[in-house]
Protein chains: 2
Amino acid sequence: MLENLKPVSRVSVSDEIVDQMAGLISAGALKPGDRVPSEKQLCVQFGVGRTSVREALRSLSVMGILKTQRGEGTFVSAERSRYVEKAMQWDVLLDGKAAGHLIETRLMLECETASFAAERASEEDLAAIAAAIADVQNAFSGPALVEPGRYLEADLRFHLAIARATRNPILVSLLGTIRGSMQAWIAKTVPARAAKSIKDHRKILAGLRARNREKARAAMSAHIRSSSSDLRRRLKQT
Amino acid sequence: MLENLKPVSRVSVSDEIVDQMAGLISAGALKPGDRVPSEKQLCVQFGVGRTSVREALRSLSVMGILKTQRGEGTFVSAERSRYVEKAMQWDVLLDGKAAGHLIETRLMLECETASFAAERASEEDLAAIAAAIADVQNAFSGPALVEPGRYLEADLRFHLAIARATRNPILVSLLGTIRGSMQAWIAKTVPARAAKSIKDHRKILAGLRARNREKARAAMSAHIRSSSSDLRRRLKQT
DNA sequence: GGCTGTCAGCTTGTCTGACAAGCTAGTCTA
DNA sequence: TAGACTAGCTTGTCAGACAAGCTGACAGCC
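Residues numbered from 1 in each chain as written. Chains lettered and ligands numbered in written order. Predicted model: local features only at pLDDT ≥ 70, side-chain atom pairs only at ≥ 80, totals over all residues. Heavy atoms only, no water.

Student: Go over the packing of helix α1 (residues 13-27) of chain A against helix α3 (residues 50-62) of chain A, please, and point to the residues and values.
Tutor: Residue and element names in this part refer to chain A. At a minimum axis distance of 8 Å, the contact between α1 and α3 shows a crossing angle of 50 degrees. Taken together, the axes of α1 and α3 lie oblique to each other. The two elements α1 and α3 cross, and the hand of that crossing is right-handed. In this structure, α1 contributes Val-13, Ser-14, Ile-17, Val-18 and Met-21 to the contact, and α3 contributes Ser-52, Val-53, Glu-55, Ala-56, Leu-57, Ser-59 and Leu-60. Its residues assigned to classes, the contact of α1 with α3 comprises eight nonpolar, three polar and one charged. (Axes fitted to C-alpha atoms, helices over the stretch in contact; angles between N-to-C directions. Helix = DSSP H or I, 4+ residues; strand = E, 2+ residues; numbered from the N terminus. Parallel < 35°, antiparallel > 145°, perpendicular 65-115°, else oblique. Left-handed = near helix turned anticlockwise from the far one by under 90°. Contact = heavy atoms within 4.5 Å. Nonpolar A, V, L, I, M, F, W, Y, C, P; charged D, E, K, R; others polar.)

Here it is as structure tokens:
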């Protein structure tokens, strides 16, 4: 019996088109913002049916390389590197209901994010973070939380502003996704811990302002840990 | 002039199918290895044409969530597809920044992963990690690297085994995605640093065996930092 | 002039029916 | 019993049709 015979490579038509077009783009023949020939034209040039062309374009779109606009055309995407972000978002989303895993991943990412942010945050970043804290405060009327929706929105904005301060879009989208898939649970624990959160947030901001990575990380860690334990308790109840 | 008017959301049929199927998978109704209903059946269930179903399946395939086999059917895939790597290669070629963001995210995730693994790794996990290190060693003949392919595979296995030891599937898939997107690129720096890597790996394993979170984290941090600086240098050259 | 409605001609999105190519399992045959 | 064969499923590709949407030009109105 013959060994090491590799399976014959049967590349599908649409995969071949994907390769060719990707080659054109990476070779610079098609630059970001450029318009790709219409599907009909591509059919003629490649000598294939429209189905195959469409599947190829679809693949490149999913990868974030192309972007199609109905009635207008297909274009080479300007901001790329969206693909890895998307792929990682799916990683998180597909794991689904595993609350514990989400909480753990969040803890690890938020702490490191805060640490990086302490190093890199611009004055604008710090201002945006401070504004989010102020908005959280505004959801209160004295000690009572009167606008839970506003609180939630501002709290989310606070965390994302910190992520943005790292200047790393991967971190921003990752944290956004994780937070998004937890949002519903967080909403349930709001009344119980809203007041405490504000104090935590101020401590984190102080760490960032001091450009002190350790302080920022520790403050964020304490915040997430306390918030997570509330979440876990809540989850057990239900 | 009215501001803050958001564009109307016009979700396409196939995108909606993508969402629904991803939902099924994340809810656990479809597990890795399961077979998805045939295209014809899906047409009936969703009440749409085959074109739309096929585009949706294609999207999920590109994302590495499904895998289709002609004449046989479509299955929920166990591992990620190679598309991620391809897409990322282009990104890195055209945009050095993307690489920096990836390296940074990887550093953050790997260090924390090692730390968690030190706490939770079972004996089987440790054995798997040790086996991966041994395999890395086996790619050498004395001081010379004779099987770079084997080296790469074993190195990847080493890192994923540590991720698995955390018992957190989100971390496993996140690291898998990041590493996958860097794989082609890491391959280029292998000859230069293969020997050093083995020493690093042993130190990390020692930290895990000692159940010492700080030691494991520090060892991983040193490893990734040194490896990353090689990568960056390589990037600048091209 | 400047605004508005209309329409032709392009684009992408979807449906349908058809056939090719390939896998599986059961049946038939030597 | 071993191997060949075929029926019935699957995915891959093609072609043609229509719907939905954008653009630009052109006419008509104030």
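Moving on from the model shown.
Student: Tell me about the pairing of strand β2 (residues 66-69) of chain B, residues and numbers included.
Tutor: Pairing of β2 of chain B with strand β3 (residues 73-76) of chain B, which is carried by four bridges, proceeds in the antiparallel orientation. The residue of β3 of chain B that forms the bridge with Thr-68 of chain B is Thr-74 of chain B. (Pairing = 2+ DSSP bridges.)

Student: Which residues make up the packing of aromatic side chains, and what values go with them?
Tutor: Per the stated rule, a full pass over the model turns up zero aromatic pairs over all chains. It is Arg-213 of chain A that lies over the ring of Phe-116 of chain A; its NZ or CZ is 4.7 Å from the centre. (Phe/Tyr/Trp six-rings, centres within 6.5 Å; stacked < 30°, edge-to-face > 60°. Lys NZ or Arg CZ within 6 Å of the ring centre and 35° of its normal.)

Student: Residue-level account of the protein's contact with DNA strand C, with values.
Tutor: Around DNA strand C sit 24 residues in total, of which Val-13, Gly-49, Thr-51, Ser-52 and Arg-70 of chain B are the nearest. Sugar and phosphate atoms constitute 67% of the interface atoms of DNA strand C, taking the interface as everything within 4 Å of the protein. Contact distances for DNA strand C include 3.0 Å between a phosphate oxygen and a side-chain N or O atom of Arg-54 of chain A. At a separation of 3.4 Å, a phosphate oxygen of DNA strand C approaches a polar side-chain atom of Thr-74 of chain A. Those elements that place two or more of their residues in the surface near DNA strand C are α3, β2 (66-69) and β3 (73-76) of chain A together with α1 (13-26) and α3 (50-62) of chain B. Considering every element that reaches the surface near DNA strand C, the biggest residue donor is α3 of chain B, with three residues. Looking at side-chain class alone, the surface near DNA strand C contains two nonpolar, 12 polar and 10 charged residues. (Near = heavy atom within 4 Å. Polar contact = N/O pair within 3.5 Å; in protein donor to acceptor, adjacent residues only side chain to side chain.)

Student: Break down the pattern of salt bridges for me, citing the residues and quoting the values.
Tutor: Residues and elements named next belong to chain B. Under the criterion given, the structure shown has 33 salt bridges over all chains. One salt bridge in this structure joins Arg-217 and Glu-112, with 2.3 Å as the shortest N-O distance. Here Arg-217 is found in helix α9 (residues 213-237), whereas its partner Glu-112 is found in helix α5 (residues 96-120), with 105 residues between them in sequence. The salt bridge involving Arg-213 is made with Glu-119; its shortest N-O contact spans 3.0 Å. With Arg-213 in helix α9 and Glu-119 in helix α5, this residue pair connects regions lying 94 residues apart in the sequence. (Salt bridge = Lys/Arg side-chain N within 4 Å of Asp/Glu carboxyl O.)

Student: Any chance you could break down the pairing of β3 of chain B for me, citing the residues and the numbers?
Tutor: Residues and elements named next belong to chain B. Inspection of the sheet shows strand β1 (residues 35-36) paired to β3 by two bridges, in the antiparallel sense. Counted as the bridge partner of Val-36 is Thr-74 from β3. Joining the antiparallel neighbours β2 and β3 is a turn of three residues, in which Gly-71 adopts a positive phi near 80 degrees.

Student: Please set out the confidence of the model for chain A residue by residue, giving values where relevant.
Tutor: Residue and element names in this part refer to chain A. Here chain A averages 83 in pLDDT, while 83% of its residues score no lower than 70. Taken element by element, the predicted model of chain A shows its lowest mean pLDDT in helix α4 (residues 82-95) (66) and its highest in α3 (93). Below pLDDT 50 for its whole length, residues 1-7 participates in zero contacts with residues either more than four positions away or in separate chains. (pLDDT = per-residue confidence, 0-100.)

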